[in-house]
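Coordinate analysis (summary)
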Amino acid sequence: MDDSASPREVVLLVAGVLFAIFCFYLVLYCCNKERERKAEKRDEEFNKSLREAGQSAFEFPYAELCAATENFSDDRKIGVGGFGSVYTGNLPGTNEAVAIKRISPSSEQGIREYVTEISINSKLTHHNLVKFLGWSHREGDLLLVYELLPNGSLDKYIYEKPEAPLNWDRRYSIACDIASALVYLHEDRRESIVHRDIKASNVMLDSNFKPKLGDFGLARVMEREKRGHTTVPAGTIGYIAPEFVTTGKATRPMDVFSFGALSLEIACGRRPADWSLTEHNSRVVEWVWHLHGQHRILDAADEKLGGNFNGEEMERLMKVGLLCSHPDPNARPSMEKVVGILKRGAEVPHVPLVFPVAVYGDLVPFDIMSPPSFSTFPELIAL
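Given the structure is predicted, the values throughout are model-derived calculations rather than measurements.

About the thresholds
- Residues numbered from 1 in each chain as written.
- Predicted model: local features only at pLDDT ≥ 70, side-chain atom pairs only at ≥ 80, totals over all residues.
- Heavy atoms only, no water.
- Phe/Tyr/Trp six-rings, centres within 6.5 Å; stacked < 30°, edge-to-face > 60°.
- Helix = DSSP H or I, 4+ residues; strand = E, 2+ residues; numbered from the N terminus.
- Lys NZ or Arg CZ within 6 Å of the ring centre and 35° of its normal.
- Salt bridge = Lys/Arg side-chain N within 4 Å of Asp/Glu carboxyl O.
- Core = buried A, V, L, I, M, F, W, Y, C linked by side-chain atoms within 4.5 Å.
- Buried < 20%, exposed > 50% of the residue type's maximum accessible area, 1.4 Å probe, protein only.
- Contact = heavy atoms within 4.5 Å.
- Patch = residues over 30% accessible without salt bridge, like charges linked within 9 Å, V, L, I, M, F, W, Y side chains within 5 Å.
- Areas by Shrake-Rupley, 256 points an atom, 1.4 Å probe, with all protein chains shown as cover.
- Lys, Arg positive; Asp, Glu negative; His and termini not counted.
- Pairing = 2+ DSSP bridges.

**Some points on the packing of aromatic side chains**
On inspection of all chains with the given rule, the structure shows eight aromatic pairs. On the numbers, 6.5 Å between centres and 65 degrees between planes, the contact of tryptophan 168 with phenylalanine 309 is edge-to-face. Taken together, the positions of tryptophan 168 in helix H5 (residues 168–186) and phenylalanine 309 in the loop between helix H8 (284–293) and helix H9 (311–324) put the pair 141 residues apart, joining distant regions of the chain. The rings of Trp168, Tyr172 and Phe309 are connected pair by pair, giving a single aromatic cluster. The positively charged end of arginine 270 is found above the aromatic ring belonging to tryptophan 287, 4.0 Å away from the centroid. Sitting above the plane of the tyrosine 159 ring, arginine 271 keeps its charged end 3.9 Å from the centroid.

Now the structure itself:
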């Protein structure tokens, strides 16, 4: 018996194999087209929601932003944050210098951060807030475009440029202007906005060292007289109000607390928390409050100023910083009162000589000065 296949059988076998391959690729093609269709529909819905959120914000051509940043070259990178990187670029045609924030695809909060910034920034018009210019995205690459502030962030001038420290007049003016920006966010709008991440690295300086508050990725819009709720960890250790770890609520007093930390930072030239120092000196609020209790508060002034500052203004800013840092949120002043004290010469309210301890409901007293226990508050690990 001949075991060799006949030509007819070979042809049928080859035809069957080719048909199977054809069917496989046909199914694969159909699946890809369906995925593309769904992706296009998703992008269309996403773009629609962004345009509704952004209102008047401009949608930049993606290719234009790629060209402006030389395809997001490392040479164009000017900063890195928790949600991505920031690049500098010049827009084709106008040659306008801009800062382009690229949301990291690996960020779990990336899309939420993206939509939040577009929605909030497109509604804001204040000379002490970084101007939002527009947005663009493609295949998960999320881009936000802002005006470029050439002098960078405030923290660099406090800590990284000892050869060119900010003089006192500029420092005091910066504190006043950021306070005014927070009044606008908290009080001057139909919907109050809680920034939730006020710190020196989010205060940008223009060519004249005028400050502008930026980075609204963590911000929350609140209806009047209602407290915002959040389950997302927010802020930076040292600037976080103590009640947040127990209530999880975003409130205006949270921003006031952060401003207090920033005020002391500007006056003292020290970070709100520096665990590399001795325990007593590692927490700037505790340190300044201790000196205040000894009637030596001006001893906390930044040594880099060389004593060249207005003593009355320095004491005023430090005491405002302490009042805003009160562990009881109900005891903190509003930002409107802060502006009255700093800019209009209103009397500074009494500041206790001893650091107060707040009790939240049935909880034990919470020491704002101690670093939070991650075993007690695991949600802070994500910060």
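**Topic: unusual backbone geometry**
A positive phi angle, near 55 degrees, is found at glutamate 70, a position not held by glycine. Locating glutamate 70 in the fold gives a position in the loop between helix H2 (62–68) and strand S2 (77–81). Here the phi dihedral of arginine 196 falls at roughly 75 degrees; this positive angle occurs in a residue that is not glycine. Within the secondary structure, arginine 196 sits in the loop between strand S7 (192–194) and strand S8 (203–205).

**Some details on the pattern of salt bridges**
On inspection of all chains with the given rule, the structure shows 14 salt bridges. Here aspartate 215 and lysine 101 are joined by a salt bridge, their closest N and O atoms 3.3 Å apart. Of the two residues, aspartate 215 sits in the loop between strand S9 (211–213) and strand S10 (220–222) while lysine 101 sits in strand S4 (residues 97–103), which places them 114 residues apart along the sequence. The partner of lysine 199 in a salt bridge is aspartate 197, with the nearest N and O atoms 3.9 Å apart. Here the residues in one salt-bridge network are Lys101, Glu117 and Asp215, joined through shared partners.

**Remarks on the nonpolar core**
With 60 residues, the main nonpolar core has Leu154, Leu185, Phe259, Val288 and Met318 as its most contacted residues. Residue assignment for this core shows that the elements contributing at least two residues are helix H4 (154–160), H5, S8, helix H7 (252–268), H8, H9 and helix H10 (335–343). The element best represented in this core is H5, accounting for 12 residues. When neighbours within four sequence positions are excluded, phenylalanine 259 is seen to be in contact with Ala175, Ile178, Ala179, Leu182, Val320, Cys324, Met335, Val338 and Leu342. If you look at the next biggest cluster of nonpolar residues, it comprises 13 residues, including Phe60, Tyr87, Leu133 and Val145.

**Let's talk about a nonpolar patch on the surface**
A cluster of nonpolar side chains, Val10, Leu13, Val14, Val17, Leu18, Ile21, Phe24, Tyr25 and Leu28, forms an exposed patch at the surface whose accessible area comes to about 850 Å². Its location among the elements puts leucine 13 in helix H1 (residues 7–54). Residue classification places leucine 13 among the exposed positions, given a relative accessible area of 60%.

**Things to note about the side chain of threonine 88**
Locating threonine 88 in the fold gives a position in strand S3 (residues 84–90). With near-sequence residues (within four places) excluded, threonine 88 lies in contact with Ala68, Thr69, Arg76, Ile78, Val98 and Leu148.

**Some points on the side chain of aspartate 177**
With respect to the helices, strands and loops of the structure, aspartate 177 is situated in helix H5. Buried charge aspartate 177 goes without a salt bridge, the closest partner of opposite sign being lysine 343 at 4.4 Å. Setting aside anything within four residues of it in sequence, one finds aspartate 177 in contact with Asn128, Lys210, Pro211 and Lys343.

**Regarding the pairing of strand S5 (residues 132–138)**
Burial of S5 is extensive: six of the seven residues sit out of reach of the surface. Examined bridge by bridge, strand S1 (residues 58–59) and S5 share two bridges and lie parallel to one another. Bridge pairing in S5 places glutamate 59 opposite tryptophan 135. Between S5 and strand S6 (residues 141–147), which pair antiparallel one after the other, the connecting turn spans two residues, and glutamate 139 there sits at a positive phi close to 50 degrees.

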